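Descriptive structure summary
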Amino acid sequence: MKQKVNTSSPVTEDRLKDILKESEERLEEKLDKKFAERLEASQKAFRMEMRYEYSVMKEDISRDMSKFTNLILTAIDPLLKELETRQQDREIGTAQIKNIKGDVENLKKRVTKLEHS
């Protein structure tokens, strides 16, 4: 932006210093604005990159946890099957013992009757 020059007054050293100082301030102000804009754009890009990295890490962790869970379930499944089989065997054994105890009691009664007759 051009300034109007007043040719009627002579340019003094003080006036030149004032003009130079004003120019420096305007230039500094423009540079500050540009720096602030670039800094803001840089921060925005950094935030976007961090969000992307976070989402990638989240997906990786989720995938790894899924693999780990599948591995654990695959290892535990035969154990759970074995426990279920053992539980069924115990239940069958208990039922058989009750039947045998009933039969033994019945036999005791019959033997007692035979001995008394």
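Conventions and cut-offs
Residues numbered from 1 in each chain as written. Predicted model: local features only at pLDDT ≥ 70, side-chain atom pairs only at ≥ 80, totals over all residues. Heavy atoms only, no water. Helix = DSSP H or I, 4+ residues; strand = E, 2+ residues; numbered from the N terminus. Rg over C-alpha atoms; globule rule 2.2 N^0.38 Å. Buried < 20%, exposed > 50% of the residue type's maximum accessible area, 1.4 Å probe, protein only. Areas by Shrake-Rupley, 256 points an atom, 1.4 Å probe, with all protein chains shown as cover. Lys, Arg positive; Asp, Glu negative; His and termini not counted. Charge placed at Lys NZ, Arg CZ, Asp CG, Glu CD. Salt bridge = Lys/Arg side-chain N within 4 Å of Asp/Glu carboxyl O. Expected span 1.5 Å × (residues − 1). Bend = angle between axes of the 7 residues up to and from the residue.

Turning to the overall build of the protein chain, a few remarks are in order. Within the protein chain, the secondary structure is distributed over one helix and zero strands. Over its C-alpha trace the protein chain gives a radius of gyration of 47 Å, far above what one expects of a compact globule, namely 13 Å for 117 residues. Seen through its C-alpha atoms, the protein chain measures out along the principal axes to roughly 155 × 25 × 15 Å. For the protein chain, buried positions account for 0% of its 117 residues. Counting every atom, the protein chain has about 11,900 Å² of accessible surface; 58% of that belongs to carbon and sulfur. For the protein chain, the centre of its 25 positive side-chain charges and the centre of its 24 negative side-chain charges are spaced 6 Å apart.

Before going further, it helps to examine the pattern of salt bridges. Inspection of every chain in the model, using the stated rule, returns two salt bridges. Of the charged contacts in the structure, one is a salt bridge between D60 and R63, with a shortest N-O distance of 2.9 Å. Of this pair, D60 and R63 both sit in helix 1 (residues 13-116), separated by three residues, roughly a single helical turn. Residue class for D60 comes out partly exposed when judged on its relative accessible area of 30%. Of the charged contacts, one joins E82 and R86 as a salt bridge, the two residues approaching to 3.0 Å between their closest N and O atoms. Of the two residues, E82 and R86 are both situated in helix 1; the distance of four residues between them amounts to about one turn of the helix. Residue class for E82 comes out partly exposed when judged on its relative accessible area of 39%. By relative accessible area, which is 48% here, R86 ends up partly exposed.

Further remarks concern helix 1. Between the first and last C-alpha of helix 1 there are 146 Å, a value that for 104 residues agrees with the 154 Å anticipated at 1.5 Å per step. I76 marks the point of greatest bend in helix 1, at about 30°, and the proline P78 comes within the next four residues.

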